[in-house]
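Each chain, written out:
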Amino acid sequence: MQLLLRRVTERAYSNKDSIVGTWRTRRFKDFLELVKPPSGAKIIDLGGTPYMWELVPHDFEVTLVNLPGTVRPSGHHQIRFIEADATNLKDVFSDQSFDIVFSNSVIEHVGDDNKQADFAQEVYRLGRAYWVQTPSDRWPIEPHTGFPFYWQLPEFARQHLKRSWKKKLPVWTEMVEGTRVISRKQMQALFPDGSLYIERAFLLEKSYVIYRPFE
């Protein structure tokens, strides 16, 4: 079942015309409307991929930061690729090096509470405006596992599922084990000066975004 789910998910995330592609295009347009990046803005995307920046035409200078070996560089002339840890970039970029810090579905993967706080501090340090998104813990289908209400299951049930998944999908299961879902309240605590935007689909909470517009 999980093997089939992985194949379906990969197609959905790589196809711009899929429902996932449609949702992400809408999210990108929300980013443009709420953060208001200026023409030619210098944007750092923490943990992102070229996919997001090919959804809508733009003239931004984009720098993608990812752990070594996790993202394959493309030939996109507007994108620079840096391999580094997004929770500690002090030796890579100086303070306020960018106009905007962007992150899409990454903060839940960086580690424990301390690592998430480090990530938030780097967001503040690197740019004057930001957009940080994370999947809602109230969305019926948990996006990392594809399992309904995964985070609402008792711990023993989640452990049982992970043991069964690890037999056929060890690398993917490791990603699931390293995911720490963040609530709306936790996001607001990490970014106390940010505005909250709740992304919805079918009238349900799909993700949370904390943002500070470019001014």
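Residues numbered from 1 in each chain as written. Predicted model: local features only at pLDDT ≥ 70, side-chain atom pairs only at ≥ 80, totals over all residues. Heavy atoms only, no water.

## A few points about the pattern of salt bridges
Alright, step 1. One pass over the structure, following the stated rule, counts 10 salt bridges.
Alright, step 2. Note that Glu122 is salt-bridged to Arg125, the shortest N-O span being 2.8 Å. Placement of the pair is Glu122 and Arg125 together in helix 4 (residues 113-126), with a separation of 3 residues, close to one helical turn.
Alright, step 3. Arg158 serves as the salt-bridge partner of Glu155, at 2.5 Å between the closest nitrogen and oxygen. You can see Glu155 and its partner Arg158 sitting in helix 5 (residues 155-166), 3 residues apart, about one turn around the helix.
Alright, step 4. Residue class for Glu155 comes out partly exposed when judged on its relative accessible area of 41%.
Alright, step 5. When its relative accessible area of 13% is taken as the criterion, Arg158 is described as buried.
Alright, step 6. Each member of the salt-bridge network shares a partner with another, and the members are Lys90, Asp95, Glu122 and Arg125. (Salt bridge = Lys/Arg side-chain N within 4 Å of Asp/Glu carboxyl O. Helix = DSSP H or I, 4+ residues; strand = E, 2+ residues; numbered from the N terminus. Buried < 20%, exposed > 50% of the residue type's maximum accessible area, 1.4 Å probe, protein only.)

## Some remarks on the side chain of Lys206
Alright, step 1. Looking at where Lys206 falls in the secondary structure, it is placed in strand 7 (residues 204-212).
Alright, step 2. One buried charged side chain, Lys206, makes no salt bridge at all; its nearest oppositely charged neighbour is Glu199, positioned 4.4 Å away.
Alright, step 3. Sequence-distant contacts of Lys206, that is, excluding residues within four places in its chain, are made with Trp23, Arg27, Pro135, Ser136, Trp139, Glu199, Arg200 and Ala201. (Lys, Arg positive; Asp, Glu negative; His and termini not counted. Contact = heavy atoms within 4.5 Å.)

## Some remarks on the confidence of the model for the protein chain
Alright, step 1. Across the protein chain, pLDDT averages 86, with 87% of residues at or above 70.
Alright, step 2. Element-level mean pLDDT values for the protein chain span from 50 in helix 1 (residues 2-14) up to 98 in strand 1 (residues 42-46). (pLDDT = per-residue confidence, 0-100.)

## Some points on the packing of aromatic side chains
Alright, step 1. In total, this model carries 12 aromatic pairs according to the counting rule given.
Alright, step 2. When the ring of Tyr130 is compared with that of Phe191, the centres are 5.4 Å apart and the planes differ by 40°; the resulting orientation is tilted. Placement of the pair is Tyr130 in strand 5 (residues 127-135) and Phe191 in the loop between helix 7 (184-190) and strand 6 (195-201), with a sequence separation of 61 residues.
Alright, step 3. Taken together, the ring pairs connect Phe28, Phe31, Trp53, Phe102, Trp131, Tyr197 and Tyr211 into an aromatic cluster.
Alright, step 4. Of note, Arg128 hangs over the ring of Phe214, and the distance from its end group to the ring centre comes to 4.2 Å. (Phe/Tyr/Trp six-rings, centres within 6.5 Å; stacked < 30°, edge-to-face > 60°. Lys NZ or Arg CZ within 6 Å of the ring centre and 35° of its normal.)

## Brief notes about the pairing of strand 2 (residues 61-66)
Alright, step 1. Most of strand 2 sits out of view: 5 of its 6 residues are buried.
Alright, step 2. Pairing geometry for strand 1 and strand 2, over 5 bridges, is parallel. By the bridge assignment for strand 2, Asp45 is matched with Leu64.
Alright, step 3. Sheet topology note: the strand 2/strand 3 (residues 79-83) ladder contains 5 bridges and is parallel. Residue pairing across strands places Leu64 opposite Phe81, the latter belonging to strand 3. (Pairing = 2+ DSSP bridges.)

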